[in-house]
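What follows is the residue order along each chain.
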Amino acid sequence: QVQLVESGGGLVQPGDSLRLSCAGSGRTFSDDAMAWFRQAPGKEREFVGISWSLGTTAYATSVKGRFAVFRDTAKNTLYIQMNSLKPEDTAVYYCAARVTGTYFLSQSYEYWGQGTQVTVSS
């Protein structure tokens, strides 16, 4: 059974940093792109950042320069380092893997994690 399990979410203050992890199991994702999406209450799920198999990354404009996506292939794990967090970053963050279409569209991904809540509030 293929699984993606996110962890590391929590409540932080504006300006703080947080690192999320996404551990894969059931298959190796070393040859697949892996990405982070997020969904705030009442909003559609949106693309945050992606790491392609060779390590190239891309980000949504809203997080560029603040967030960094990277992976540990040996651990089959994807990470996102989030710095200078803002209240508008509050959302459930999802890990996704194996893209077969447009990378910033959620419907392009085959595997999803269950999500982890990130709340940025003073």
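In this report, the structure presented in the accompanying data block is examined. The written sequence of each chain sets the order in which its residues are numbered from 1. Local features in a predicted model are, by the rule used here, given only for residues with pLDDT of at least 70; side-chain atom pairs are given and counted only at 80 or more, and totals for whole chains, interfaces and linings are based on all residues. Only hydrogens and water are removed before side-chain values are computed, so all heavy atoms of the structure are retained for them.

1. A short note on the environment of lysine 64
Under the DSSP-based scheme used, a helix requires at least four consecutive residues in state H or I and a strand at least two consecutive residues in state E, with every element numbered from the N terminus. Assignment of secondary structure puts lysine 64 in the loop between β6 (57-59) and β7 (67-72). When its relative accessible area of 55% is taken as the criterion, lysine 64 is described as exposed. Placed 22 residues apart in sequence, lysine 64 and lysine 86 show a C-alpha to C-alpha distance of 13 Å. Accessibility here uses a 1.4 Å probe with only protein chains present; expressed as a share of the type maximum, an area under 20% marks a residue as buried, one over 50% as exposed, and anything in between as partly exposed.

2. Let's talk about the packing of aromatic side chains
Here the aromatic set is Phe, Tyr and Trp, taking the six-membered ring for Trp, and pairing holds for ring centres within 6.5 Å; pairs whose planes are under 30 degrees apart are stacked, those over 60 apart are edge-to-face, and all others are tilted. All chains considered together, the criterion is met by 10 aromatic pairs. Between phenylalanine 37 and phenylalanine 47, the ring centres sit 5.7 Å apart and the planes meet at 75°, which makes this aromatic pair edge-to-face. Taken together, the positions of phenylalanine 37 in strand β4 (residues 34-39) and phenylalanine 47 in strand β5 (residues 46-51) put the pair 10 residues apart, joining distant regions of the chain. Centroid distance phenylalanine 37 to tyrosine 109: 5.2 Å. Interplanar angle 75°. Geometry classified as edge-to-face. Taken together, the positions of phenylalanine 37 in strand β4 and tyrosine 109 in strand β10 (residues 109-112) put the pair 72 residues apart, joining distant regions of the chain. Judged by its relative accessible area of 0%, phenylalanine 37 falls in the buried class. Counting every residue linked through ring pairs, the aromatic cluster contains Phe37, Phe47, Trp52, Tyr94, Tyr103, Phe104, Tyr109 and Trp112. Whether a charge lies above a ring is judged from NZ of Lys or CZ of Arg, which has to be within 6 Å of the ring centre and within 35 degrees of the ring normal. When the ring centre of tyrosine 94 is taken as origin, the NZ or CZ atom of arginine 45, which lies over that ring, is 3.7 Å away. Here the guanidinium or amino end of arginine 45 rests over the ring plane of tryptophan 112, the centre of that ring lying 4.8 Å away.

3. Side note on the nonpolar core
As used in this record, nonpolar core signifies buried Ala, Val, Leu, Ile, Met, Phe, Trp, Tyr and Cys residues forming a set joined through side-chain atoms within 4.5 Å. Trp36, Met82 and Tyr93 are the most contacted members of the largest nonpolar core, which totals 34 residues. Here, two residues are considered to be in contact whenever any of their heavy atoms come within 4.5 Å of each other. Sequence-distant contacts of methionine 82, defined by excluding residues within four places in its chain, comprise Asp16, Ser17, Leu18, Leu20, Arg66, Phe67, Tyr93 and Val118.

4. Concerning the pattern of salt bridges
A side chain with one charge can pair with a side chain of the opposite charge if their charged atoms come near. Salt bridge, as applied in this entry: a Lys or Arg side-chain nitrogen positioned within 4 Å of an Asp or Glu carboxyl oxygen. Applying the stated criterion across every chain, the model contains 6 salt bridges. The shortest N-O distance in the salt bridge between aspartate 32 and arginine 98 comes to 3.3 Å. In this pair, aspartate 32 is assigned in the loop between β3 (18-25) and β4 and arginine 98 in strand β9 (residues 91-99), connecting sequence segments 66 residues apart. Judged by relative accessible area, aspartate 32 falls into the buried class, the value being 6%. Linking arginine 66 and aspartate 89 is a salt bridge whose minimum nitrogen-to-oxygen distance equals 2.8 Å.

Limitation: the analysis is restricted to geometry and does not speak to function.
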